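Chain and residue survey
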Amino acid sequence: MLYLSFKTLHVIAIISWMAGILYLFRLFVYHAENLDDSSRTNMLIVMERKLYKYITVPAMYVAWIAALVMISLNMGLLKQGWLHAKILFVSLLTAFTLYGGRVMSNLETGKKSYSSKQLRIMNEVPTLLMIAIVIFVIFRPF
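Residues numbered from 1 in each chain as written. Predicted model: local features only at pLDDT ≥ 70, side-chain atom pairs only at ≥ 80, totals over all residues. Heavy atoms only, no water.

From N to C terminus, the chain includes four helices and zero strands. With 142 residues in all, the chain has 38% of them scored as buried. Counted over contacts in the chain with a minimum sequence separation of 6, partners at least 24 positions apart contribute 78%. Summed over its atoms, the accessible surface of the chain is roughly 8,300 Å², and 68% of this surface lies on carbon and sulfur atoms. If you average the places of the 14 positive and of the 6 negative side-chain charges in the chain, the two averages end up 15 Å apart. (Helix = DSSP H or I, 4+ residues; strand = E, 2+ residues; numbered from the N terminus. Buried < 20%, exposed > 50% of the residue type's maximum accessible area, 1.4 Å probe, protein only. Contact = heavy atoms within 4.5 Å. Areas by Shrake-Rupley, 256 points an atom, 1.4 Å probe, with all protein chains shown as cover. Lys, Arg positive; Asp, Glu negative; His and termini not counted. Charge placed at Lys NZ, Arg CZ, Asp CG, Glu CD.)

The subject of this paragraph is a nonpolar patch on the surface. Taken together, L128, M130, I131, V134, I135, I138 and F139 make up a surface patch of nonpolar side chains, about 690 Å² in accessible area. Locating F139 in the fold gives a position in helix 4 (residues 116–139). (Patch = residues over 30% accessible without salt bridge, like charges linked within 9 Å, V, L, I, M, F, W, Y side chains within 5 Å. Salt bridge = Lys/Arg side-chain N within 4 Å of Asp/Glu carboxyl O.)

Turning to the packing of helix 3 (residues 81–109) against helix 4, a few remarks are in order. At their nearest, the axes of helix 3 and helix 4 sit 9 Å apart, and the two run at 160° to each other. In this view, helix 3 runs roughly antiparallel relative to helix 4, as classed from their interaxial angle. Once helix 3 is placed against helix 4, the crossing between them reads as left-handed. Between helix 3 and helix 4, the residues in contact are W82, A85, K86, F89, V90, L92, L93, F96, Y99 and V103 and L119, M122, V125, P126, L129, A132, I133, F136 and V137, respectively. Split by residue class, the contact of helix 3 with helix 4 holds 18 nonpolar, no polar and one charged. (Axes fitted to C-alpha atoms, helices over the stretch in contact; angles between N-to-C directions. Parallel < 35°, antiparallel > 145°, perpendicular 65-115°, else oblique. Left-handed = near helix turned anticlockwise from the far one by under 90°. Nonpolar A, V, L, I, M, F, W, Y, C, P; charged D, E, K, R; others polar.)

What follows is about the packing of aromatic side chains. Evaluation of the coordinates by the stated rule reveals five aromatic pairs. With a centroid separation of 5.6 Å and 25° between ring planes, the pair formed by F89 and F136 is classed as stacked. Here F89, found in helix 3, pairs with F136, found in helix 4; they are 47 residues apart in sequence, far enough to count as distant. We classify F89 as partly exposed; its relative accessible area is 22%. Among the residues examined, F136 registers a relative accessible area of 14% and is labelled buried. An aromatic cluster of three or more residues is present, and its members are F25, F28, F96 and Y99. (Phe/Tyr/Trp six-rings, centres within 6.5 Å; stacked < 30°, edge-to-face > 60°.)

To continue, consider the environment of L119. With respect to the helices and strands, L119 occurs in helix 4. According to the relative accessible area criterion, L119 is buried, its value standing at 0%. Along the backbone, L119 and Y30 are 89 residues apart, and their C-alpha atoms lie at a distance of 9.4 Å. Beyond its immediate sequence surroundings of up to four residues, L119 is in contact with F28, V29, A32, V103 and Y114.

Below is the structure:
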């Protein structure tokens, strides 16, 4: 029962994390397209910051903690190759989420500019990582 409780928490956290990271990069696209409208840009900065700091990153941490607890409750998982692949892709998703914080900071300060096309492409990265993660979890190919 404890394992299933943490598995439930893990799934809820993953859904929140994915929703947050996908929406965050969409906000970045809107931000890049509205640089000439300071009131809209300021609103987007507040939205980006709150989404990142209060939803996306906390959900990422909860997902990791729940996963580590699940592994500690079932150490046999560590012998399964699919889990190693999943951890690799989740680590990439984690790095990309943290990179999102850097993009947010750069947009906020104007230190670095991004085109909306660059940000649209970046917005696809978490989707591709999510697809790989789901494939490894469902099909467990090795």
